[in-house]
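If you want the building blocks of each chain, they are given just below.
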Amino acid sequence: MNAPIIIVGAAQAGLQVAEQLRADGYDGALTLIGDEPHPPYQRPPLSKAFLTGEMTEDRLVLRGKDLLAGKGIDLVTGTRVAAIDRAARHLTLADGARLAWSGLALATGARPRALAIPGAGLPGVVLLRTIEDSRRVAQGIAAARRVAVVGGGFIGLEIAAAARKAGRDVVLLEALDRLLARTSTPVISKFFFELHKEHGVDIRLGAQVTGFSGDTHVSGVTTADGATHAADLVVVGIGIVPNAELAAGCGLACERGIVVDACSRTSDPAIVAAGDCTARRTDEGTLLRLESVQNAIEQAKSAAAALLGKERPFVAAPWFWSDQYDVRLQMAGLSAGHDRTVLRGAIADRRFSVFYFRGDRLVAVDSVNRAPDHIAARKLIDAGRSPTFAQAADEACALAALAK
Ligand SMILES: Cc1cc2nc3c(=O)[nH]c(=O)nc-3n(C[C@H](O)[C@H](O)[C@H](O)COP(=O)(O)OP(=O)(O)OC[C@H]3O[C@@H](n4cnc5c(N)ncnc54)[C@H](O)[C@@H]3O)c2cc1C
């Protein structure tokens, strides 16, 4: 029997590679190996509905083992891949077992970045990536009087919203001078600053966290200005580190993640990679790291095609969403390098879109509680069509019609 195609990492990207291989007609053996004890599950609710108790664990699961078995996909959970031998085309599991592969996909994802500062190991200082982490944060919120969130990115803000919803005092400590600085434009940062302030979050910008205090459990967070913020739960959400060590260990090019091209091929064309573990080399030669469900899915589709010797480059406009309180932000495209913004709707109504143009070309749209704008924006950007500035601003102008 031929060796299987093996996919390392059984989550959003790994699952998609497996299912896409089947959809593309691959009928050989297929093994999906993950080190978590769960079948593939979605992470976005871990800082949203699952965290607030509005979603149960069974709804997190993307596909169960039986369903996968029905598609001829052998799911192996709780099993870590320790090493890859590219020349011999086999891999070694943590228990020493060796598995031969005929094709290999890496979908090892990422882990939360930890703070290497005094007190970081104290009980009550937690990170959020897995189901277990989310449960820990939920229990921590339930038991806490005062919650500190370190990091004003999307995950930090969603946790702050969940803690406020539970009625806890929340201080949010962000090192930079605005929220969402890494991912969003100042207008969006300001909107979320106001939103969280209105909901009672104590936001401290420019707050460099230097340590955590407490004897047997965390009791406070200290910042570089000498202040101590009392907290009996601290959630650190300061970004991720791609799990690229397995790839680096077998000599694949890694820089801010496993380097892939638009077809998800690594520096070894026989091995593909998809999702949060990757950094995609763009046509301009820069490395693009997108940490999103859409990126995981689209790169996985490219990866499956590449394993079958086909080219299916990932060219769609990136998109992302975040839920906080009664606000849903949806982002389409990449706003970096824009030179003009156009507002549609009113920020005060919490129902608006910001259109970003480079010259007269639409490059991105951020929509707050305006899902139809977001859908139209994705179509417009994918089709390379741009509304005029006046059309973008005019709420009576049907954007969807322009995208056709
Ligand atoms: C709390 C939270 C909220 C989020 N919210 C959003 C959102 O609103 N919208 C959005 O688009 N995205 C969101 N994301 C990001 C999104 O979930 C990720 O981009 C996506 O899960 C990436 O999928 P992945 O399969 O690449 O990686 P992962 O989900 O990290 O999966 C990788 C898997 O591989 C396993 N693994 C790693 N190394 C090995 C090994 N050596 N052997 C075996 N298994 C291994 C890991 O344990 C893990 O199970 C959120 C993420 C988090 C954590």
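Everything quoted here is computed from the prediction, not taken from an experiment. (Residues numbered from 1 in each chain as written. Predicted model: local features only at pLDDT ≥ 70, side-chain atom pairs only at ≥ 80, totals over all residues. Heavy atoms only, no water.)

**Q** Before we go on, may I ask you to explain the pairing of strand S11 (residues 169-174) in this structure?
**A** Side-chain direction in a regular strand flips from residue to residue, so the side chains alternate between the two faces of the sheet. By the criterion of burial, S11 is predominantly enclosed, with five of the six residues buried. The sheet contact formed by strand S10 (residues 146-150) and S11 spans five bridges and is parallel. Pairing of Val149 across the sheet is with Leu172, part of S11. Note: S11 against strand S12 (residues 202-205), four bridges, orientation parallel. By the bridge assignment, Leu172 is partnered in S12 with Ile203. (Buried < 20%, exposed > 50% of the residue type's maximum accessible area, 1.4 Å probe, protein only. Helix = DSSP H or I, 4+ residues; strand = E, 2+ residues; numbered from the N terminus. Pairing = 2+ DSSP bridges.)

**Q** How should I be thinking about helix H7 (residues 293-307) in this particular structure?
**A** At 3.6 residues per turn, the α-helix brings residues three or four places apart onto the same side. Look at H7: 21 Å from first C-alpha to last across 15 residues, which is about the 21 Å you get at 1.5 Å a residue. Of all 15 residues in H7, 11 are buried, a share of seventy percent or more. Along H7, the residues classified as buried are Gln294, Asn295, Ala296, Gln299, Ala300, Ser302, Ala303, Ala304, Ala305, Ala306 and Leu307. One or two positions beyond H7, positive phi appears at Gly309, with a value near 80°. (Expected span 1.5 Å × (residues − 1).)

**Q** Explanation requested: the pairing of S10 in the structure shown.
**A** S10 sits mainly inside the fold: four of its five residues count as buried. Regarding the hand of the β-α-β motif, the stretch spanning S10, helix H4 (residues 154-165) and S11 is right-handed. Bridging between S10 and strand S16 (residues 233-236) involves four bridges; their strand directions are parallel. Across the sheet, the residue bridging to Val150 is Val236, located in S16. (Right-handed = clockwise from strand over helix to strand, strands pointing away.)

**Q** Explanation requested: the pattern of salt bridges in the structure shown.
**A** Taken as a whole and judged by the stated rule, the model has 25 salt bridges. Asp24 is paired through a salt bridge with Arg312; the nearest N and O atoms lie 3.0 Å apart. Taken as a pair, Asp24 in the loop between helix H1 (12-23) and strand S2 (30-33) and Arg312 in the loop between H7 and strand S22 (319-324) lie far apart in primary sequence, 288 residues in all. On the basis of relative accessible area, Asp24 is assigned to the partly exposed category, the value being 22%. Between Lys301 and Glu298 there is a salt bridge; the shortest N-O distance is 3.7 Å. Here Glu298 and Lys301 lie together in helix H7, a separation of three residues that amounts to about one turn. For Lys301, a relative accessible area of 26% gives the class partly exposed. (Salt bridge = Lys/Arg side-chain N within 4 Å of Asp/Glu carboxyl O.)

**Q** Would you explain the sheet that holds strand S23 (residues 327-333) in this entry?
**A** Within the open sheet, the five strands sit side by side as S22-S23-S26-S25-S24. Their pairing is antiparallel. Of all the strands in the sheet, the pair left with one neighbour each is S22 and strand S24 (340-346). Taken over all neighbouring pairs, the strand axes of this sheet differ in orientation by 15° on average, direction set aside. Pairing of strand S25 (residues 351-358) with strand S26 (residues 361-368) involves seven bridges; the strand directions are antiparallel. Bridged to Ser353 within S26 is Ser367. In the packing of helix H5 (residues 186-198) onto the sheet, the strands contacted are S22, S23, S25 and S26, and the crossing angle to S25 comes to about 160°. (Axes fitted to C-alpha atoms, helices over the stretch in contact; angles between N-to-C directions. Contact = heavy atoms within 4.5 Å.)

**Q** Help me understand the environment of Ala296, please; the structure alone is not making it clear to me.
**A** Among the structural elements, Ala296 can be located in helix H7. Along the sequence, Ala296 and Gly214 sit 82 residues apart, while their C-alpha atoms lie 39 Å from each other. Ignoring anything within four residues of it in the chain, the contact list for Ala296 reads Gln12, Ala13, Ala274 and Gly275.

**Q** Help me understand helix H3 (residues 131-143) in this model?
**A** Taking 1.5 Å of rise per residue, the 13 residues of H3 would be expected to cover 18 Å, and the 18 Å separating its terminal C-alpha atoms lies within 8% of that figure. Of the surrounding elements, those touching the buried residues of H3 are strand S9 (125-127), H4 and S16.

**Q** Is there a simple way to explain the site of the ligand in this structure?
**A** In the vicinity of the ligand there are 33 residues, among which Asp35, Glu36, Arg43, Lys48 and Arg129 approach most closely. Contact with the protein chains removes 96% of the 1000 Å² of surface that the ligand exposes when unbound. At the level of secondary structure, the elements contributing two or more residues to the shell around the ligand comprise H1, H7 and S22. (Near = heavy atom within 4 Å. Areas by Shrake-Rupley, 256 points an atom, 1.4 Å probe, with all protein chains shown as cover.)

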